[in-house]
Amino acid sequence: MEITPIWAAAGAGVFGLLIGSFLNVVIYRLPKMMERQWAIEAASYHAAAHAEEPAKVSNEPFNLLTPGSCCQSCGAAVRWYQNVPILSFLFLRGRCGSCKAKFSVRYPLVEAATSVLFFYCVFRWGLNPTGLAWCFFSAALLVLALIDWDTTLLPDDITLPLLWAGLLCSAFQWVDVPLVDSVFGATAGYLSLWLVYWGFKLVTGKEGMGYGDFKLFAALGAWFGWQALVPIILMSSVIGAIVGILMKIFSGLREGGYVPFGPFLVGAGLTAMVFGPHAITATMFRTLGL
(Lines give C-alpha, C1' and ligand atoms only; values in the text may rest on other atoms or scores of the structure.)
Protein backbone atom coordinates (compact mmCIF):
# COMPACT_ATOMS: atom_id res chain seq x y z
CA MET A 1 0.00 0.00 0.00
CA GLU A 2 1.37 3.39 -0.98
CA ILE A 3 1.89 5.84 1.87
CA THR A 4 0.26 9.19 1.13
CA PRO A 5 2.35 12.35 1.71
CA ILE A 6 0.28 13.46 4.68
CA TRP A 7 0.64 10.12 6.46
CA ALA A 8 4.36 10.02 5.75
CA ALA A 9 4.67 13.52 7.18
CA ALA A 10 2.57 12.57 10.21
CA GLY A 11 4.82 9.59 10.86
CA ALA A 12 7.85 11.87 10.56
CA GLY A 13 6.23 14.25 13.04
CA VAL A 14 5.78 11.46 15.59
CA PHE A 15 9.36 10.34 15.02
CA GLY A 16 10.39 13.98 15.46
CA LEU A 17 8.92 13.93 18.97
CA LEU A 18 11.23 11.05 19.89
CA ILE A 19 14.23 12.72 18.26
CA GLY A 20 13.36 15.96 20.05
CA SER A 21 13.51 14.13 23.37
CA PHE A 22 17.01 12.96 22.47
CA LEU A 23 17.99 16.45 21.33
CA ASN A 24 17.19 17.71 24.82
CA VAL A 25 19.79 15.27 26.12
CA VAL A 26 22.34 16.47 23.55
CA ILE A 27 21.70 20.13 24.38
CA TYR A 28 22.28 19.52 28.09
CA ARG A 29 25.04 16.93 28.05
CA LEU A 30 27.28 17.74 25.10
CA PRO A 31 28.66 20.98 26.62
CA LYS A 32 29.29 19.17 29.89
CA MET A 33 31.08 16.37 28.04
CA MET A 34 33.27 19.00 26.38
CA GLU A 35 34.02 20.65 29.73
CA ARG A 36 34.99 17.31 31.22
CA GLN A 37 37.33 16.60 28.30
CA TRP A 38 38.91 20.03 28.67
CA ALA A 39 39.43 19.40 32.40
CA ILE A 40 41.17 16.08 31.66
CA GLU A 41 43.41 17.69 29.04
CA ALA A 42 44.23 20.67 31.28
CA ALA A 43 45.15 18.36 34.17
CA SER A 44 47.34 16.30 31.85
CA TYR A 45 49.14 19.35 30.44
CA HIS A 46 49.67 20.82 33.90
CA ALA A 47 51.07 17.55 35.21
CA ALA A 48 53.41 17.20 32.24
CA ALA A 49 54.68 20.77 32.64
CA HIS A 50 55.38 20.32 36.35
CA ALA A 51 56.40 16.65 36.32
CA GLU A 52 53.50 15.77 38.59
CA GLU A 53 50.81 13.14 38.70
CA PRO A 54 47.72 14.36 36.83
CA ALA A 55 44.96 15.67 39.06
CA LYS A 56 42.13 13.20 39.37
CA VAL A 57 39.10 13.98 37.24
CA SER A 58 35.91 12.00 37.65
CA ASN A 59 35.99 8.95 35.40
CA GLU A 60 32.33 8.06 35.93
CA PRO A 61 30.72 7.33 32.55
CA PHE A 62 29.04 10.45 31.24
CA ASN A 63 27.91 10.57 27.63
CA LEU A 64 24.72 10.90 25.64
CA LEU A 65 23.48 7.50 26.81
CA THR A 66 24.97 7.05 30.28
CA PRO A 67 23.83 7.72 32.97
CA GLY A 68 20.09 7.56 32.44
CA SER A 69 17.93 10.66 32.70
CA CYS A 70 17.32 11.91 36.21
CA CYS A 71 15.94 14.90 38.05
CA GLN A 72 18.60 17.60 38.45
CA SER A 73 17.18 18.53 41.87
CA CYS A 74 16.79 15.22 43.70
CA GLY A 75 18.61 12.79 41.41
CA ALA A 76 15.60 10.49 41.05
CA ALA A 77 15.68 8.42 37.88
CA VAL A 78 13.20 9.40 35.19
CA ARG A 79 11.15 6.30 34.34
CA TRP A 80 10.22 5.51 30.77
CA TYR A 81 6.59 6.43 31.36
CA GLN A 82 7.76 9.80 32.73
CA ASN A 83 9.77 10.42 29.56
CA VAL A 84 7.08 10.25 26.89
CA PRO A 85 7.51 13.37 24.73
CA ILE A 86 5.17 16.23 25.68
CA LEU A 87 2.56 13.92 27.27
CA SER A 88 4.64 13.14 30.35
CA PHE A 89 5.36 16.84 30.87
CA LEU A 90 1.66 17.63 30.72
CA PHE A 91 0.67 14.68 32.92
CA LEU A 92 3.27 15.60 35.56
CA ARG A 93 2.38 19.28 35.19
CA GLY A 94 5.99 20.08 34.42
CA ARG A 95 7.29 18.75 37.74
CA CYS A 96 9.46 15.89 38.94
CA GLY A 97 7.42 12.87 39.95
CA SER A 98 9.50 12.51 43.14
CA CYS A 99 10.44 15.92 44.53
CA LYS A 100 7.97 18.05 42.53
CA ALA A 101 10.73 20.38 41.35
CA LYS A 102 9.81 22.28 38.21
CA PHE A 103 11.15 21.12 34.84
CA SER A 104 12.00 23.65 32.16
CA VAL A 105 9.27 24.25 29.61
CA ARG A 106 12.05 24.09 27.02
CA TYR A 107 11.86 20.27 27.03
CA PRO A 108 8.39 19.96 25.46
CA LEU A 109 9.03 22.99 23.25
CA VAL A 110 12.12 21.35 21.73
CA GLU A 111 10.15 18.13 21.19
CA ALA A 112 7.29 20.04 19.56
CA ALA A 113 9.63 22.12 17.39
CA THR A 114 11.46 19.01 16.16
CA SER A 115 8.15 17.33 15.38
CA VAL A 116 6.93 20.33 13.37
CA LEU A 117 10.22 20.59 11.45
CA PHE A 118 10.26 16.88 10.62
CA PHE A 119 6.60 17.03 9.52
CA TYR A 120 7.36 20.00 7.27
CA CYS A 121 10.48 18.47 5.69
CA VAL A 122 8.83 15.16 4.81
CA PHE A 123 5.58 16.80 3.68
CA ARG A 124 7.51 19.14 1.36
CA TRP A 125 10.23 16.84 0.03
CA GLY A 126 8.82 13.41 0.73
CA LEU A 127 10.00 10.37 2.64
CA ASN A 128 13.22 10.11 0.66
CA PRO A 129 16.90 11.08 1.02
CA THR A 130 16.10 14.75 0.40
CA GLY A 131 13.40 14.92 3.07
CA LEU A 132 15.54 13.02 5.56
CA ALA A 133 18.53 15.24 4.81
CA TRP A 134 16.55 18.36 5.66
CA CYS A 135 15.27 16.67 8.83
CA PHE A 136 18.89 16.17 9.87
CA PHE A 137 19.67 19.79 8.95
CA SER A 138 16.76 21.06 11.07
CA ALA A 139 17.65 18.95 14.10
CA ALA A 140 21.32 19.98 13.97
CA LEU A 141 20.46 23.68 13.74
CA LEU A 142 18.01 23.46 16.63
CA VAL A 143 20.65 21.88 18.87
CA LEU A 144 23.32 24.40 17.84
CA ALA A 145 21.05 27.37 18.51
CA LEU A 146 20.20 26.30 22.05
CA ILE A 147 23.71 25.17 23.00
CA ASP A 148 25.13 28.46 21.74
CA TRP A 149 22.49 30.48 23.58
CA ASP A 150 23.23 28.63 26.82
CA THR A 151 27.01 28.38 26.64
CA THR A 152 28.30 30.43 23.64
CA LEU A 153 29.67 27.15 22.26
CA LEU A 154 29.08 25.74 18.79
CA PRO A 155 30.52 22.22 19.09
CA ASP A 156 32.63 20.83 16.27
CA ASP A 157 30.84 17.53 16.91
CA ILE A 158 27.81 19.10 15.23
CA THR A 159 29.05 21.91 12.98
CA LEU A 160 31.59 19.79 11.10
CA PRO A 161 29.23 16.85 10.36
CA LEU A 162 26.65 19.43 9.28
CA LEU A 163 29.19 20.95 6.89
CA TRP A 164 30.22 17.61 5.40
CA ALA A 165 26.60 16.49 5.16
CA GLY A 166 25.80 19.58 3.11
CA LEU A 167 28.62 18.81 0.68
CA LEU A 168 27.61 15.15 0.41
CA CYS A 169 23.95 15.98 -0.13
CA SER A 170 25.01 18.29 -2.93
CA ALA A 171 27.28 15.62 -4.43
CA PHE A 172 24.46 13.05 -4.36
CA GLN A 173 22.00 15.69 -5.64
CA TRP A 174 19.77 15.31 -2.62
CA VAL A 175 19.58 19.11 -2.42
CA ASP A 176 19.06 21.50 -5.31
CA VAL A 177 22.55 23.01 -5.10
CA PRO A 178 25.34 22.17 -7.55
CA LEU A 179 28.43 20.73 -5.90
CA VAL A 180 30.61 23.61 -7.12
CA ASP A 181 28.25 26.16 -5.52
CA SER A 182 28.21 24.10 -2.33
CA VAL A 183 32.02 23.95 -2.13
CA PHE A 184 32.38 27.67 -2.83
CA GLY A 185 29.60 28.36 -0.32
CA ALA A 186 31.42 26.47 2.44
CA THR A 187 34.71 28.17 1.60
CA ALA A 188 33.29 31.68 1.31
CA GLY A 189 31.15 31.21 4.43
CA TYR A 190 34.16 30.34 6.56
CA LEU A 191 36.58 32.89 5.12
CA SER A 192 34.12 35.81 5.21
CA LEU A 193 33.52 35.59 8.96
CA TRP A 194 37.18 34.72 9.55
CA LEU A 195 38.15 38.01 7.87
CA VAL A 196 35.53 39.93 9.86
CA TYR A 197 36.83 38.34 13.07
CA TRP A 198 40.43 39.34 12.44
CA GLY A 199 39.53 42.79 11.14
CA PHE A 200 37.48 43.49 14.27
CA LYS A 201 40.23 42.11 16.51
CA LEU A 202 42.96 44.18 14.87
CA VAL A 203 40.90 47.36 15.20
CA THR A 204 39.49 46.86 18.71
CA GLY A 205 41.75 44.26 20.29
CA LYS A 206 38.64 42.21 21.13
CA GLU A 207 37.13 39.03 19.75
CA GLY A 208 33.74 39.73 18.20
CA MET A 209 32.76 36.10 17.57
CA GLY A 210 34.04 32.57 17.92
CA TYR A 211 35.39 30.07 15.42
CA GLY A 212 32.19 28.06 15.75
CA ASP A 213 30.35 30.86 13.95
CA PHE A 214 32.74 30.49 10.98
CA LYS A 215 32.04 26.76 10.78
CA LEU A 216 28.29 27.18 11.10
CA PHE A 217 28.23 29.80 8.35
CA ALA A 218 30.39 27.52 6.21
CA ALA A 219 27.88 24.70 6.79
CA LEU A 220 25.01 26.95 5.69
CA GLY A 221 27.02 27.83 2.58
CA ALA A 222 27.43 24.12 1.86
CA TRP A 223 23.69 23.49 2.13
CA PHE A 224 22.47 26.54 0.21
CA GLY A 225 25.37 27.54 -2.04
CA TRP A 226 27.48 30.69 -2.08
CA GLN A 227 24.61 32.76 -3.49
CA ALA A 228 22.70 32.39 -0.21
CA LEU A 229 25.45 33.75 2.03
CA VAL A 230 24.59 37.44 1.69
CA PRO A 231 20.85 37.00 2.44
CA ILE A 232 21.61 34.74 5.41
CA ILE A 233 24.24 37.00 6.97
CA LEU A 234 22.08 40.06 6.33
CA MET A 235 19.06 38.59 8.09
CA SER A 236 21.03 37.19 11.01
CA SER A 237 22.97 40.44 11.53
CA VAL A 238 19.91 42.69 11.44
CA ILE A 239 17.86 40.52 13.78
CA GLY A 240 20.87 39.96 16.05
CA ALA A 241 21.41 43.72 16.30
CA ILE A 242 17.73 44.35 17.10
CA VAL A 243 17.69 41.64 19.79
CA GLY A 244 20.97 42.93 21.24
CA ILE A 245 19.62 46.48 21.46
CA LEU A 246 16.41 45.28 23.12
CA MET A 247 18.36 43.19 25.62
CA LYS A 248 20.55 46.18 26.42
CA ILE A 249 17.52 48.41 26.93
CA PHE A 250 15.88 45.89 29.24
CA SER A 251 19.15 44.93 30.99
CA GLY A 252 19.07 41.43 29.57
CA LEU A 253 22.67 41.29 28.40
CA ARG A 254 24.97 38.79 30.07
CA GLU A 255 28.20 39.60 31.83
CA GLY A 256 30.54 41.06 29.22
CA GLY A 257 27.66 42.50 27.17
CA TYR A 258 27.64 39.82 24.48
CA VAL A 259 24.89 38.11 22.52
CA PRO A 260 25.67 34.76 20.87
CA PHE A 261 25.49 35.03 17.08
CA GLY A 262 24.81 31.35 16.38
CA PRO A 263 21.06 31.42 17.13
CA PHE A 264 20.55 34.19 14.57
CA LEU A 265 22.48 32.29 11.92
CA VAL A 266 20.27 29.30 12.74
CA GLY A 267 17.11 31.39 12.41
CA ALA A 268 18.25 32.64 9.02
CA GLY A 269 19.19 29.11 7.97
CA LEU A 270 15.77 27.71 8.85
CA THR A 271 14.09 30.64 7.12
CA ALA A 272 16.16 29.92 4.01
CA MET A 273 15.10 26.27 4.18
CA VAL A 274 11.40 27.15 4.30
CA PHE A 275 11.18 30.17 2.00
CA GLY A 276 14.42 30.10 0.06
CA PRO A 277 17.43 32.35 0.68
CA HIS A 278 16.45 35.08 -1.76
CA ALA A 279 13.02 35.46 -0.17
CA ILE A 280 14.89 36.71 2.93
CA THR A 281 16.31 39.79 1.22
CA ALA A 282 13.07 40.47 -0.65
CA THR A 283 11.08 40.40 2.59
CA MET A 284 13.57 42.58 4.43
CA PHE A 285 13.66 45.15 1.64
CA ARG A 286 9.87 45.30 1.56
CA THR A 287 9.79 45.72 5.33
CA LEU A 288 12.27 48.59 5.12
CA GLY A 289 10.35 50.11 2.22
CA LEU A 290 13.22 49.75 -0.24
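Just so you know, these numbers come straight off a predicted model, no measurement behind them. (Residues numbered from 1 in each chain as written. Predicted model: local features only at pLDDT ≥ 70, side-chain atom pairs only at ≥ 80, totals over all residues. Heavy atoms only, no water.)

Moving on: the pattern of salt bridges. Within this structure, the stated rule accounts for two salt bridges. For aspartate 150, the salt bridge goes to arginine 106, with nearest N and O atoms at 2.6 Å. Here arginine 106 lies in helix H3 (residues 106-125) and aspartate 150 lies in helix H4 (residues 129-151), a separation of 44 residues in the sequence. (Salt bridge = Lys/Arg side-chain N within 4 Å of Asp/Glu carboxyl O. Helix = DSSP H or I, 4+ residues; strand = E, 2+ residues; numbered from the N terminus.)

What follows covers the environment of alanine 8. Secondary-structure assignment places alanine 8 in helix H1 (residues 5-50). On the accessibility criterion, alanine 8 (12% relative accessible area) is buried. In sequence terms alanine 8 and lysine 100 are 92 residues apart; their C-alpha atoms lie 38 Å from each other. Dropping the residues within four chain positions of it, alanine 8 is found in contact with Ile3, Val122 and Leu127. (Buried < 20%, exposed > 50% of the residue type's maximum accessible area, 1.4 Å probe, protein only. Contact = heavy atoms within 4.5 Å.)

On to unusual backbone geometry. Cis geometry marks the peptide bond from threonine 66 to proline 67; its omega dihedral reads -5°. Within the secondary structure, proline 67 is located in the loop between H1 and helix H2 (87-91). Its identity as a non-glycine residue notwithstanding, isoleucine 86 has a phi of 65°, on the positive side. Structurally, isoleucine 86 can be placed in the loop between H1 and H2. A relative accessible area of 23% places isoleucine 86 in the partly exposed class. The phi torsion at lysine 100 lies on the positive side, around 70°, for a residue other than glycine. Locating lysine 100 in the fold gives a position in the loop between H2 and H3.

This model, assessed by the stated rule, comprises 16 aromatic pairs. Measuring from centroid to centroid gives 5.0 Å for tryptophan 134 and tryptophan 223, while their planes differ by 50°, and the two rings are tilted. Separated by 89 residues along the polypeptide, tryptophan 134 in helix H4 and tryptophan 223 in helix H7 (residues 211-224) bring together distant segments of the chain. Grouping residues by exposure puts tryptophan 134 and tryptophan 223 together as buried. With 5.4 Å between their ring centres and 70° between their planes, tyrosine 197 and tyrosine 211 make a pair best called edge-to-face. Pair noted here: tyrosine 197 is in helix H6 (residues 179-204) and tyrosine 211 is in helix H7, with a separation of 14 residues, a long-range link. On the basis of relative accessibility, which here comes to 4%, the residue tyrosine 197 falls in the buried class. Look at tyrosine 211 and you get partly exposed, because its relative accessible area is 35%. Through a chain of ring-to-ring contacts, the aromatic side chains of Tyr120, Trp125, Trp134, Phe137, Trp223 and Phe224 assemble into a single cluster. (Phe/Tyr/Trp six-rings, centres within 6.5 Å; stacked < 30°, edge-to-face > 60°.)

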